[in-house]
Amino acid sequence: MIDLAIDGAVAHVTLNAPEKLNALDETALVELSAAYAEAEASGVRALVLTGEGRAFCAGRDISHVDPRDDDVMGYLDGLVTPLLRRMAAFPAPTFAAAQGACLGVGLGLLVATDVVYVADTAKIGSPFAALGATLDSGGHSLFAERLGMHRTLDLIYTGRLMSGAEAVASGLFSRVFPADELRQQTMDAAARAASGPTAAFIASKRLLARQRDEKLTMWQSIELENAAQTALCDTDDYREGFAAFQEKRTPTFRGA
């Protein structure tokens, strides 16, 4: 169900079970984690996550789950959370192209991705009141941070789903595209990132994660920026960027 293809410096990870809207069971989560591990080991400089069919990911596959003996903690804490941590820490820029349903764990996959482009057909929210369940996989954090408490609870209480355009206008994700343009636009963005100064990109990615998780002040953030910039001075890409600027040519970055 999880496909991995490596095209030069870019890894393409695909959720490939369109007949069940790419819903994820335990096996699929293990496969997805393994795909990220393999992509990381290959040394790619960008990664694209997509879903086949009319949905990105409808969340957990509950088609064979008996709620009377469901090991929810084993699924979420044992499988989903470690996967999201691996995805968020991936040592290269990551991009997702999301169309149709992006719910539950599927929404969590987007939370753990650096840059998310959505189709105008996307459906994003928390329809889990119908199951007597709640939002998980980082959804509360994403919604509260971007939408505020009142709008978050409105989505949870009503089960209303946001369109891709509404989600982007609300600041949840990066850009919205027509569904037939989404994948190519995302792949083009990933290819551009892969040819850029990826060491500098990862420095920013890590700094922003610390800023979010540690609630840093502006001055603490500036100190980290200064340290990151100093470390980058020792890289080939930094020297190449300066040389290209001074020589008025396009730089050739190696991600080093």
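Residues numbered from 1 in each chain as written. Predicted model: local features only at pLDDT ≥ 70, side-chain atom pairs only at ≥ 80, totals over all residues. Heavy atoms only, no water.

### Re the overall build of the protein
Next up, step 1: When helices and strands are counted, the protein shows 10 helices and 9 strands.
Next up, step 2: Against the globule reference of 18 Å for 256 residues, the protein gives a C-alpha radius of gyration of 19 Å, in line with a compact fold.
Next up, step 3: Projected onto its principal axes, the C-alpha positions of the protein cover 65 × 40 × 35 Å.
Next up, step 4: The buried share among the 256 residues of the protein stands at 41%.
Next up, step 5: Excluding contacts between residues fewer than 6 apart, the proportion of contacts in the protein whose partners are at least 24 apart in sequence is 69%.
Next up, step 6: Of the accessible surface of the protein, which amounts to about 13200 Å², a share of 55% is contributed by carbon and sulfur atoms. (Helix = DSSP H or I, 4+ residues; strand = E, 2+ residues; numbered from the N terminus. Rg over C-alpha atoms; globule rule 2.2 N^0.38 Å. Buried < 20%, exposed > 50% of the residue type's maximum accessible area, 1.4 Å probe, protein only. Contact = heavy atoms within 4.5 Å. Areas by Shrake-Rupley, 256 points an atom, 1.4 Å probe, with all protein chains shown as cover.)

### A closer look at the side chain of Gln99
Next up, step 1: Here Gln99 is to be found in the loop between β4 (94–98) and β5 (101–102).
Next up, step 2: Look at Gln99 and you get buried, because its relative accessible area is 11%.
Next up, step 3: In this structure the side chain of Gln99 is engaged in a polar contact, spanning 3.1 Å, whose partner is the backbone oxygen of Ala55.
Next up, step 4: Not counting residues within four places of it along the chain, the set of residues in contact with Gln99 comprises Gly51, Glu52, Gly53, Arg54, Ala55, Phe56, Ala119, Thr121, Ala122 and Leu182. (Polar contact = N/O pair within 3.5 Å; in protein donor to acceptor, adjacent residues only side chain to side chain.)

### Points about the pairing of strand β6 (residues 115–119)
Next up, step 1: Here β6 lies mainly inside the structure; 4 of its 5 residues are buried.
Next up, step 2: Relative to β6, β4 runs parallel, the two being bridged by 4 bridges. By the bridge assignment, Ala96 is partnered in β6 with Val116.
Next up, step 3: Alignment of β6 against strand β9 (residues 175–177), held across 3 bridges, turns out to be parallel. Residue pairing in the sheet places Ala119 in a bridge with Phe177 of β9. (Pairing = 2+ DSSP bridges.)

### Quick word on the side chain of Ser126
Next up, step 1: Among the secondary structure elements, Ser126 is positioned in the loop between β7 (123–125) and α4 (139–147).
Next up, step 2: Setting aside residues no more than four positions away along its own chain, Ser126 makes contact with Leu135, Leu155, Ile156, Gly159, Arg160 and Leu161.

### Re the pairing of β4
Next up, step 1: With 5 of 5 residues buried, β4 lies mostly within the body of the structure.
Next up, step 2: Because side chains alternate across β4, one face comprises the buried residues Thr94, Ala96 and Ala98, and the other comprises Phe95 and Ala97, equally buried.
Next up, step 3: Relative to β4, strand β3 (residues 46–51) runs parallel, the two sharing 3 bridges. Within the sheet, the bridge partner assigned to Leu49 lies in β4 and is Ala96.
Next up, step 4: This β-α-β element, β3 to helix α2 (residues 72–88) to β4, shows right-handed connectivity. (Right-handed = clockwise from strand over helix to strand, strands pointing away.)

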